[in-house]
Each structure stands twice: as structure tokens, then as C-alpha cells.
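One letter stands for each residue in the lines below.
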Amino acid sequence: MGRRFDIAIVGGGLAGGLAALAIRRAHPSLSLALFEAGDSFGGNHRWSWFESDLSQQGEALLAPFARTEWTGGNEVRFPAHRRVLSANYRSLDSRDFDRTLRRELPQEAQQLGSRVARLDASGIELATGERVEARTVIDCRDAGPSKHLAGGWQVFLGQHLRTASPHGIDRPVIMDATVRQHGAYRFVYLLPMGPDEIFVEDTYYADSAALDAPGLRERIAAYAADKGWEATVLHEETGVLPVITGGDFAAYRASLEEPEVVLAGARGGFVHPLTSYTIPVAVENALAIADAAAFPRDELARLVDRRAHEHWRRTGFYRLLGKMLFEAAIPEERYRVFERFYRLGEPLIERFYAARSSALDKVRILSGKPPVPISRAVAALLGKGAPLVQEDRR
């Protein structure tokens, strides 16, 4: 007869994994399977968030995961402005994400090394040809380039380093933009993992999705040498994420949707369009899906579709700022946009990263002298932007 589950989740990244855990907790009697093409859940990533980003329910969902926590605030560095902010910071490594899901989910739910070739409302077909039936299918696969969306790219390479002597960094540095700008907004992201261990990520807000891994490794090595760190690389990760500045969201969803299949995660549009800051959105959506997991599949699909369109509407302000960043700011001077932003109040900054900016926040961000030329700002507002169809060339 073949295998059958109440719920099949396709894609074992952050969105799919959190949805699986939330459903398991809310409805332990439902049979559940999390299908992931790779050999581990979560891929090779690091996700971070501010302590204030999550509700009590969100904190409870993340409670089983081992994460690094800092209580000394965080820091930003720009050529003309440096600041220590009081918000505490959290970070989760995908290896800890994988270990926790393996421990928390039942064995039959852990479908690793299971590439899905096709899916529909009543089940999935694996690359092996096996058909798996399901009452509800939730599509949480990775997002990809789309002609229906416009924007740029956030390109990064991060390394976990061990230093021969204490590195001297005692709090997260969210952005060190005092580094040379290479035709994009470039900054270095620092997370002290211990007295002699530190995560260093070289990040670019770039027009191209090309990732020059050898070049970024050289720049991280040069950054470490400039700080006087003699370092050994313990682990490395890379990423190319879309920064969405506009587009036809209905057409984008329609191009990916299968009737009565729940389309969620980044693929479904549940992202912060400017920062790619994922945890608050993924946690909130996982809890909402879990609350409605026992609904008929068509009702659940419609609910998540409404949430996706509402999220797109609510995050329009961040897409507007993204247009200013990519289309109005001169690439080597894009850092000025963030340098000005980080002069604003701390609660505003925290709400911005959690995609919860108030109307007053938006007025405050846009008021005063703009950090981009007026003529370029007007042209950006009138333009459609570059489609997100570039290939990730590594």
C-alpha cells in the first residue's frame, strides 16, 4: 500500500524544521514526516536574532535548541559613527538545529536523504520513484530566483575561527562597515564564540549574485591579520540570499503553487525583504501553521496564502528602503544608509529587524536629509528594479 502520513513537510530547513516541531508539540497524535534532500536538517547556516524578537510562545518553541547567548548588548561600526546598543543577541548554528530535531522528532518523521521530485495535494513522489501519500502537504523548499520579483542580493561567506590568543571581542558586532567597500555595501559581522573563538562573516549587499569564495576568504584572512589574530578555520558557510525590492507577489505565488498544497517558508514569501532576517518570521509562521494543522488541507492552504499576502503588504516599507539602497545609493556609499539608520532609537532598530516597524518608526526613518541623492531616489521610486533571475555563480 505504500507509506502514508497525515502531514508531509517538504524541505528540512529552518521553516520546515520549526513547523515540524511546532506541529508535533501541538498535535502529537498526527503522523508527520519531514522530507529533506540533504543528510542533515538546516543545511549549513547560522541564524541570529535579538532577545526581544520572540513572543513567549516563540521562546518556548526554540527552548530545546542549544544556542549561543550574549548579555552585553551589541555593537555597530561605521566610518563616521560607532555605537554600542543594549539589546542582547542570540544565535543558532544549523548543526545544533539538526541535533535537536533528531532528538525531538520521532524516528519515522526524519526523512533525510529524501529528494522530492514532485508534489501535489495528496502526496509526494521521491526521486527514487516512491509515492508517499499525505492528507496535507506543506512545501518549505528553498526559495529561488524569480522573474516576478525584483531586487539585489546579500552575498556572504562566514568562518568560525580559533585564535592563537584571546581575540578581545566581547560582544556581537552586527556590522563593521569600516572596511573597504568593493562596489557594494560591505560589512564584517563578528560573533565572539569564546575567548579564543570567533565567527567572522564578510557580507555584501550586491547587484550580482556571484559569490567569489576565494576572494572572500582572502578578505577575512586580511581582516583577522589586521586585528592581530593568528587564526585557524574551524568551519565555513556561504550564502546568496535575495533582497526583494518589488515585484508581482500574486504572480510569484501562482508560479509556484500547487492546488491545496501549503506554500510556506522563504519559498512562500515569508522573509524580511531587506535584511533576510529569518528567525522571527519563521517562528511566528510555524506556530500559526501548527495551530491550524488539523484543518482540512484546502483551509490550511488558504490560511497560509492569506498570511503570505498580508506579510507582503506589511513589509512593503522594507522593499521601499531596499529600492533606495540598490537603485538610489552609489554602491560604494550604500553604507551611509545604514550609518544614518543606526543613529535612531534602539526600540525602533529592534522593531525594524523583527519587521514590526510602527507608522511613527517609518516616518522617523524617512525624515531628515536623505543619505542618497534626491534625483537618484526619484528615479528609483519610478523604476521597476532588476529581476531576481541572476544565477548564483561560485
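Analysis parameters
- Residues numbered from 1 in each chain as written.
- Predicted model: local features only at pLDDT ≥ 70, side-chain atom pairs only at ≥ 80, totals over all residues.
- Heavy atoms only, no water.
- Helix = DSSP H or I, 4+ residues; strand = E, 2+ residues; numbered from the N terminus.
- Rg over C-alpha atoms; globule rule 2.2 N^0.38 Å.
- Buried < 20%, exposed > 50% of the residue type's maximum accessible area, 1.4 Å probe, protein only.
- Contact = heavy atoms within 4.5 Å.
- Areas by Shrake-Rupley, 256 points an atom, 1.4 Å probe, with all protein chains shown as cover.
- Salt bridge = Lys/Arg side-chain N within 4 Å of Asp/Glu carboxyl O.
- Phe/Tyr/Trp six-rings, centres within 6.5 Å; stacked < 30°, edge-to-face > 60°.
- Lys NZ or Arg CZ within 6 Å of the ring centre and 35° of its normal.
- Pairing = 2+ DSSP bridges.
- Axes fitted to C-alpha atoms, helices over the stretch in contact; angles between N-to-C directions.
- Core = buried A, V, L, I, M, F, W, Y, C linked by side-chain atoms within 4.5 Å.
- Polar contact = N/O pair within 3.5 Å; in protein donor to acceptor, adjacent residues only side chain to side chain.
- Arc of directions from axis to C-beta.
- Expected span 1.5 Å × (residues − 1).
- Left-handed = near helix turned anticlockwise from the far one by under 90°.
- Nonpolar A, V, L, I, M, F, W, Y, C, P; charged D, E, K, R; others polar.

Q: What's the story with the overall build of the protein chain in this structure? I'm lost.
A: On a plain count of helices and strands, the protein chain comes out with 12 helices and 18 strands. Relative to the compact-globule value of 21 Å for 394 residues, the protein chain shows a C-alpha radius of gyration of 21 Å, a close match. Along the first, second and third principal axes, the C-alpha atoms of the protein chain reach 65 × 50 × 40 Å. A burial count over the protein chain gives 54% of its 394 residues as buried. Expressed as a percentage of contacts within the protein chain between residues at least 6 apart in sequence, the contacts between residues at least 24 apart total 77%. Accessible surface computed for the protein chain: about 16800 Å², of which carbon and sulfur atoms make up 51%.

Q: For this particular structure, what's the right way to read the pattern of salt bridges?
A: Side chains that carry opposite charge are capable of pairing whenever their charged atoms lie near each other. Enumeration over the complete set of coordinates arrives at 32 salt bridges. A salt bridge links Glu69 to Arg67; its shortest N-O distance comes to 3.2 Å. One network of salt bridges, with partners in common, ties together Glu51, Glu59, Arg67, Glu69 and Arg90.

Q: Honestly, the packing of aromatic side chains in this entry has me stumped. Any pointers?
A: Each aromatic ring pair is characterised by the separation of its centres together with the angle its planes make. For the structure on display, the rule yields 25 aromatic pairs. Ring geometry for Phe50 against Tyr277: centres 6.2 Å apart, planes inclined by 45 degrees, an arrangement best described as tilted. With Phe50 in strand 3 (residues 46–50) and Tyr277 in the loop between strand 17 (262–263) and helix 6 (279–291), the pair connects residues that are 227 residues apart, well separated along the chain. For Phe50, a relative accessible area of 3% puts it in the buried group. Looking at Tyr277, the relative accessible area reads 8%, which means it is buried. Arg46 extends its terminal NZ or CZ atom over the ring of Phe199, reaching a point 5.3 Å from the ring centre.

Q: Where do I start with the sheet that holds strand 4 (residues 68–70) in this structure?
A: In a beta sheet, neighbouring strands are held together by backbone hydrogen bonds and run either parallel or antiparallel to one another. With antiparallel pairing, the three strands of this open sheet are ordered in space as 3-7-4. The two strands at the open ends of the sheet, each matched to only one other strand, are strand 3 and strand 4. Between one strand axis and the next, the sheet turns by 15 degrees as a mean value, whatever way the strands run. The sheet contact formed by strand 3 and strand 7 (residues 89–93) spans five bridges and is antiparallel.

Q: Help me understand the nonpolar core in this model?
A: Grouped together as the largest cluster of nonpolar side chains are 84 residues, with contacts concentrated most on Ile9, Leu18, Tyr342 and Tyr353. If sequence neighbours within four positions are ignored, Leu18 has contacts with Leu61, Leu62, Phe65, Phe97, Ala282, Val283 and Ala286. With 23 residues, the next largest nonpolar core counts Trp153, Val155, Tyr204 and Ala206 among its residues.

Q: Would you explain the side chain of Arg90 in this entry?
A: Along the chain, Arg90 falls in strand 7. For Arg90, the side chain forms a polar contact with the main-chain oxygen of Trp70, separated by 3.1 Å. If we skip the residues at most four places from it in the chain, Arg90 touches Trp47, Ser48, Trp49, Glu51, Thr68, Glu69 and Trp70.

Q: When you look at the pairing of strand 5 (residues 74–78) in this model, what are you seeing that I'm missing?
A: Counted residue by residue, strand 5 has five buried out of five residues, so it is predominantly covered. Burial of strand 5 is two-sided: the residues Asn74, Val76 and Phe78 facing one way and the residues Glu75 and Arg77 facing the other way are all buried. For strand 5 and strand 6 (residues 81–85), the ladder comprises five bridges, and the chain directions are antiparallel. Paired with Arg77 across the two strands is Arg82, which belongs to strand 6. The antiparallel hairpin formed by strand 5 and strand 6 contains two residues in its connecting segment. As defined by bridge partners, strand 5 adjoins strand 13 (residues 173–176) across three bridges and the pair is classed as parallel. Following the sheet pairing, Glu75 is matched in strand 13 by Val173.

Q: Mind showing me how you'd approach helix 5 (residues 249–256) here?
A: For an α-helix the count is 3.6 residues per turn, leaving residues at separations of three or four pointing the same way. Those residues of helix 5 that fall on the buried side of the exposure criterion are Phe249, Tyr252 and Arg253. Looking down the long axis of helix 5, one finds its buried residues gathered within 95 degrees of arc, a one-sided arrangement. Taken together, the buried residues of helix 5 touch strand 12 (146–163), strand 16 (231–247), strand 17 and helix 7 (297–314). Put simply, Asp248 is the residue that caps the front of helix 5, since its side-chain oxygen is 3.3 Å from the backbone nitrogen of Ala250.

Q: Whenever I open this one, helix 8 (residues 316–328) confuses me. Can you help?
A: An ideal rise of 1.5 Å per residue puts 18 Å on 13 residues; helix 8 measures up with 17 Å between its terminal C-alpha atoms. Summarising burial for helix 8: 10 of the 13 residues are buried, a large majority. Looking at helix 8, one finds that the buried residues are Phe317, Tyr318, Arg319, Leu321, Gly322, Lys323, Met324, Leu325, Phe326 and Ala328.

Q: What is the right way to look at the packing of helix 1 (residues 14–26) against helix 6 in this model?
A: Two quantities define a packed helix pair, namely the angle between the helix axes and the distance between the axes. Helix 6 packs onto helix 1 with a crossing angle of 35 degrees between their chain directions and a minimal axis gap of 8 Å. Note on packing geometry: the crossing formed by helix 1 with helix 6 is right-handed. Contacts between helix 1 and helix 6 involve Leu14, Leu18, Ala19, Ala22, Ile23 and Ala26 from the first element and Ile279, Ala282, Val283, Ala286, Ile289 and Ala290 from the second. Among the residues making up the contact of helix 1 with helix 6, the classes are represented as 12 nonpolar, no polar and no charged.

Q: It is not clear to me how the side chain of Thr100 should be interpreted in this structure. Could you clarify?
A: Locating Thr100 in the fold gives a position in helix 3 (residues 94–104). Within polar-contact distance, the side chain of Thr100 engages the backbone oxygen of Asp96 at 2.9 Å. Not counting residues up to four positions away in its chain, the partners in contact with Thr100 are Pro64, Phe65 and Ala66.

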